[in-house]
Amino acid sequence: MSEHVASTVDAITQRLSTEGADLLTLAGVADGNLVELQKLFPIRVTLRGDALALTGAADVVERAVPVAQRMIDAAKQRNPLEPDDVLRYSLEGGREASSPSRIVLPGVRKIIQPKTAGQSDYMQAIVDHDIVIGIGPAGTGKTYLAVAAAVDALARKRVKRIVLARPAVEAGESLGFLPGDMQAKVDPYLRPLYDALEDMMPVDRVQKCLETRVIEIAPLAYMRGRTLADAFVILDEAQNATAAQMKMFLTRLGVNSRAVITGDKTQIDLPKREDSGLTQIERILPGIEGIAIHYFNEADVVRHRLVRDIVRAYAADQAES
């Protein structure tokens, strides 16, 4: 229940009942949640007794009310509530995202949503399935959207960690002359995953998560012998994983884990194309409940407009050869 009271000609006060809510959770550490609400909306926020009062211009208060109500609901359910959550609520207009394919990243004040129908179907598949295989050309957002889904799952505490893996096809060969340890040698292969993460989280938070292994970025070979529980796992550039490596990766999944596998069949760098684990699972996994295979095409390319034409030209050349 809420009560509407006019305080002056230009300002109004909206009082929201906080009965049943944990007031310490609602206010946050050093009143951080209330301070964040005031930063997002130029209003005065007061928490007294069993009411949260919002005072300010009518149109601003109207926009702030659903955000404040959602904060109260979270505090009633004893859910964790931090300033980042308040920011996320404001970006969502105080409501849960209308589509599971709309991801709000409060740390960088960013909303990620599909730009094509194919991307929308892909993100929906990630919501609905434990394993999703995304196959398609460069520039379609296969990896970027998967990393966004992983960051969102971590922020909402649906998983405890993120594991990002990539095959390093040449790590033991042409990269062998490079200085440094094995991690330094394979970092060129993993750089795109770091770039995606840093676009979705503050850099200092990415670094902290890497140090505490809440986020792990590693060559696919490092996955052998492990069980990945409570994790969102992404295998990128999967067209360069061998059939044996792919089987090893898929059998790493533990309880409450989900996986997204991305790849482009036109960019297989293995000595023998038929050795690709991506083409094998494309053939043998359809029909298994809980697994979805999503195909992108040139219509889903969201990079420079010429990338779509380049993808189309290569496809045409391959069809003729």
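Just so it is clear, the model here is predicted, and its values are computed rather than measured.

Q: Go over the side chain of His 294 with me, naming the residues and quoting the values.
A: Looking at the secondary structure, you find His 294 in strand β12 (residues 291–295). In this structure the side chain of His 294 is engaged in a polar contact, spanning 2.9 Å, whose partner is the backbone oxygen of Gly 118. With sequence-adjacent residues up to four places away left out, His 294 is seen in contact with Gly 118, Asp 121, Tyr 122, Ile 133, Gly 134 and Ile 135.

Q: Tell me what's going on with the sheet that holds β12, and back it up with residues and numbers.
A: Strand order in the open sheet formed by six strands is β9-β8-β10-β11-β7-β12, with parallel pairing between adjacent strands. Two strands in the sheet have a free side with no partner beyond their single neighbour: β9 (215–219) and β12. Across this sheet, the average inter-strand angle for adjacent strands is 15°, counted without regard to direction. Where strand β8 (residues 161–166) meets strand β10 (residues 231–235), five bridges bridge the pair, whose relative direction is parallel. In the strand pairing of β10, Val 163 is matched with Val 233. Of the strands in this sheet, β7 (131–135), β10, β11 (258–263) and β12 are in contact with helix α5 (residues 117–128), which crosses β11 at around 150°. Here helix α6 (residues 142–155) sits on the sheet in contact with β7, β8, β9, β10 and β11, set at roughly 170° to β10.

Q: Describe the pattern of salt bridges, and please don't skip the residues or the numbers.
A: Two side chains of opposite charge can pair, provided their charged atoms sit close to one another. As enumerated under the stated definition, the model contains ten salt bridges in all. Between Glu 216 and Arg 213 there is a salt bridge, with the nearest N and O atoms lying 3.3 Å from each other.

Q: So, the layout of surface pockets: which residues are in play, and what are the values?
A: Estimated volume of the largest pocket: approximately 570 Å³. If you trace the largest pocket, you find 26 residues lining it, with Gly 141, Lys 142, Thr 143, Tyr 144 and Arg 303 closest to the centre. Those elements that place two or more of their residues in the lining of the largest pocket are β6 (110–112), α6, α7 (182–200) and β11. Here the lining of the largest pocket takes four residues from α6, the largest share from any one element. Residues belonging to the lining of the largest pocket are distributed by class as follows: eight nonpolar, ten polar and eight charged.

Q: Describe the environment of Glu 298, listing the residues and the values that go with them.
A: Among the secondary structure elements, Glu 298 is positioned in the loop between β12 and α11 (305–320). Exposure remark for Glu 298: the relative accessible area of 28% places this residue in the partly exposed category. For the pair Glu 298 and Pro 137, spaced 161 residues apart in sequence, the C-alpha to C-alpha distance is 6.9 Å. With residues near it in sequence (within four places) discarded, Glu 298 still touches Pro 137, Arg 308, Val 311 and Arg 312.

Q: So, the side chain of Glu 282: which residues are in play, and what are the values?
A: Along the chain, the position of Glu 282 falls in helix α10 (residues 277–284). Residue classification places Glu 282 among the buried positions, given a relative accessible area of 17%. Only 2.7 Å separates the side chain of Glu 282 from the side chain of Tyr 295, close enough to count as a polar contact. Not counting residues up to four positions away in its chain, the partners in contact with Glu 282 are Ile 135, Lys 265, Ile 293 and Tyr 295.

Q: So what's going on with a nonpolar patch on the surface? Which residues, and what values?
A: On the surface, Leu 306, Ile 310 and Tyr 314 cluster together into a nonpolar patch covering about 330 Å² of accessible area. Within the secondary structure, Ile 310 sits in helix α11. When its relative accessible area of 46% is taken as the criterion, Ile 310 is described as partly exposed.

Reading the values: the criteria
- Residues numbered from 1 in each chain as written.
- Predicted model: local features only at pLDDT ≥ 70, side-chain atom pairs only at ≥ 80, totals over all residues.
- Heavy atoms only, no water.
- Helix = DSSP H or I, 4+ residues; strand = E, 2+ residues; numbered from the N terminus.
- Polar contact = N/O pair within 3.5 Å; in protein donor to acceptor, adjacent residues only side chain to side chain.
- Contact = heavy atoms within 4.5 Å.
- Pairing = 2+ DSSP bridges.
- Axes fitted to C-alpha atoms, helices over the stretch in contact; angles between N-to-C directions.
- Salt bridge = Lys/Arg side-chain N within 4 Å of Asp/Glu carboxyl O.
- 1 Å grid on protein atoms, 1.4 Å probe; cavity = no way out; pocket = protein on both sides within 12 Å on 5 of 7 lines; lining within 4 Å.
- Points joined across faces, edges and corners; volume = space filled by probe spheres on them.
- Nonpolar A, V, L, I, M, F, W, Y, C, P; charged D, E, K, R; others polar.
- Buried < 20%, exposed > 50% of the residue type's maximum accessible area, 1.4 Å probe, protein only.
- Patch = residues over 30% accessible without salt bridge, like charges linked within 9 Å, V, L, I, M, F, W, Y side chains within 5 Å.
- Areas by Shrake-Rupley, 256 points an atom, 1.4 Å probe, with all protein chains shown as cover.

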